[in-house]
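Report on the structure
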Amino acid sequence: MTSTPMPAPTATTPVAPGSVAPSDSGLQSGPLTSPPPRIATGTPMIAIDNVSKWYGDFQVLTNCTTQVAKGEVVVVCGPSGSGKSTLIKCVNALEPIQKGQITVNDTKVVDKATDLPKLRSRVGMVFQHFELFPHLSITENLTVAQRKVLKRPAEEAKKKGMDLLARVGLSAHADKYPGQLSGGQQQRVAIARALAMNPVVMLFDEPTSALDPEMVGEVLDVMVELAKEGMTMMVVTHEMGFARKVADRVIFMDRGEIVEDARKEDFFGQPRSERAQQFLSKILQH
Amino acid sequence: MFSNFDFGVVFGSLPYLFGTGMVFTVTLTALAAGMGVVLGTLLAMARLSGVPGLKHVAKVYVELMRSLPLVLVIFWFYFLVPYIGAYLTGASRPIQVGAFSSALITFTLFEAAYFSEIMRAGIQSIPKGQTGAAYALGMTYAQTMITVVLPQAFRNMLPLLLTQTIVLFQDTSLVYVLSLTDFLGAASKVAQRDGRLVEMYLFAAVVYFAVCFSASFLVRRLQRRVAIIR
């Protein structure tokens, strides 16, 4: 299956596993696209199909269509107010959409029959402001959803939590409270908390934007590791270094539209849209 | 003038004043506060919910209770509760409701309106990102409220809830209209019997002041300790 955006309504049409569509035709209308860098098979992990969203009369998303294949790392970038955070929040229905459809791991997000809590429990999300629960210790932060949502026994949840805490290098802080940790440490705990739910896909909403510069690296390191292990990731970020290093594809958004959806090499090599060129020249200047 | 005072009457009646009067006052305060906070929290959640009917019922209830004098509400409930009970149970005669039960129900319902406004502010003080994070982990609305929002809201609002409880402690003296004997009522009875009105009412004032002032002091100390580090 290609991860190239296709015009609706064919975008969510299931494609039989193994049937890899030749996608280098470059004949699509709409956003400028390029073929996916990896050969992924089966239906996409995330399919965003012709999604529009309004806040009152103000349209924040306009006909957004894209897909994320299993194991793919997609970076979403664009100027502030371009709708990239909104788009990623629509994927696990934290924000409702008024038009279009999103499918995550074969489950329709916009469907009354969908068990949203269940869907969300399989979609890890990391927020700009960490959003650890300040009244709970780090251990409790890592285990509370495992116990309440997945109904794991306390022992198993704790073991899982501690393993992940060790993975992000913070075992020594298990009994502390979020307020006692630095921003970078809190964000690493937040990533561990999301991973504890065994997610099939991870969403990152500007995970490093609220951090002091010296803490950005430690969080990105964890994310790079995750990407190398084959986690499917959709990352809203301004960290172009991260995008260059691990992204398969880069989506560029402006004014609520997906302006460019390209392979990393193409995006950084020769972005085809003028707006993406301007954005890149600004962001890479410093 | 003070030479005529006889404070001996106070010491003689201490067992009655505290053993009967104060125990009643504290019991009523504790029960009404506990139940009032629970009901108030539910009202606050109803008011903050998007459900149109529920939201408005809660709003009307809170506004109504806050606009009526407590004494009036106590009276009304004392006379109405037997009939409401009869209506609910389908009995043909007004049901028997003791004065204490009636007072407890009244104070609970009345204080719930005030507690709900405090809890509403508490729930609103929790950043939206916290509920977002809870939902993103797959929690339901109930799980989100119980494990994430309410514990933090309650903690943030604990000083205000306790301050309101101190006010309630003083307001329980209004049960005299139902001929119930709280601390002030007990003092009043002794005062009438022994003809020592000034002494007994002075003593009652001192006791109320001492209890409420030290409670406020403790609340302020607590306030510094429970503040969540963010």
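Above this text is the structure in question.
Structural notes, computed from the coordinates. All residue numbers refer to position in the chain's written sequence, counted from 1. Chain A is the first chain written and ligand 1 is the first ligand written, with later ones labelled in order. With the structure being a predicted model, the display of local features is reserved for residues of pLDDT at least 70 and the display and counting of side-chain atom pairs for 80 or more, all residues being used for whole-chain, interface and lining totals. Think of the side-chain values as coming from all heavy atoms in the structure, minus any hydrogens and water.

On to the pairing of strand β11 (residues 257–263) of chain A. For a regular strand, the rule is simple: side chains alternate between the two faces of the sheet. All names here are of chain A. Burial analysis of β11 places five of its seven residues in the buried class, the great majority of the element. Two strands pair if DSSP finds at least two bridges between them. Secondary structure elements are defined from DSSP: runs of H or I of at least 4 residues count as helices, runs of E of at least 2 residues count as strands, and each element is numbered from the N terminus. Here strand β10 (residues 249–254) pairs with β11 via six bridges, running antiparallel. Across the sheet, the residue bridging to Met253 is Ile258, located in β11. Counted between consecutive antiparallel strands, the loop separating β10 from β11 contains two residues, among which Arg255 sits at a positive phi close to 50°. Buried means the residue's accessible area, taken with a 1.4 Å probe over protein chains only, is under 20% of the maximum for its type, while exposed means over 50%, and partly exposed covers the values in between.

So, on to unusual backbone geometry. Residues and elements named next belong to chain A. Although it is not a glycine, Ala93 sits at a positive phi angle of roughly 60°. By the element assignment, Ala93 lies in the loop between α1 (84–91) and β5 (99–104). Phi is positive for Lys151, which is not a glycine, with a value near 60°. Relative to the helices and strands, Lys151 is located in the loop between α3 (138–148) and α4 (154–167).

A few words on the packing of aromatic side chains. Note on ring pairs: Phe, Tyr and Trp rings are taken, using the six-membered ring of Trp, and paired if centres are within 6.5 Å. Classes follow the plane angle, with under 30 degrees stacked, over 60 edge-to-face and the rest tilted. Counted according to the given criterion, the structure contains 12 aromatic pairs over all chains. With a centroid separation of 5.2 Å and an interplanar angle of 50°, the aromatic rings of Phe252 of chain A and Phe279 of chain A are classed as tilted. With Phe252 of chain A in strand β10 and Phe279 of chain A in helix α9 (residues 274–283), this pair connects stretches of sequence that are 27 residues apart. Its relative accessible area of 1% is what places Phe252 of chain A among the buried residues. Assessed through its relative accessible area of 10%, Phe279 of chain A is described here as buried. Measuring from centroid to centroid gives 5.4 Å for Phe18 of chain B and Phe183 of chain B, while their planes differ by 50°, and the two rings are tilted. Taken together, the positions of Phe18 of chain B in helix α2 (residues 14–48) and Phe183 of chain B in helix α8 (residues 183–194) put the pair 165 residues apart, joining distant regions of the chain. On the accessibility criterion, Phe18 of chain B (33% relative accessible area) is partly exposed.

Okay, the environment of Ile166 of chain B next. All names here are of chain B. Among the secondary structure elements, Ile166 is positioned in helix α7 (residues 141–171). Judged by its relative accessible area of 12%, Ile166 falls in the buried class. Along the backbone, Ile166 and Thr29 are 137 residues apart, and their C-alpha atoms lie at a distance of 8.6 Å. Among residues more than four places away in sequence, those in contact with Ile166 are Cys212, Ala215, Ser216 and Val219. Here, residues are in contact when the closest pair of their heavy atoms is within 4.5 Å.

Two cysteines joined by a covalent bond between their sulfur atoms form a disulfide. Residue and element names in this part refer to chain A. Throughout, disulfides are identified as pairs of cysteine sulfur atoms within 2.5 Å of each other. Within the structure shown, the criterion is met by zero disulfides over all chains. No disulfide involves Cys64; its sulfur sits 8.6 Å from that of Cys90, the nearest cysteine. With a relative accessible area of 1%, Cys90 lands in the buried category.

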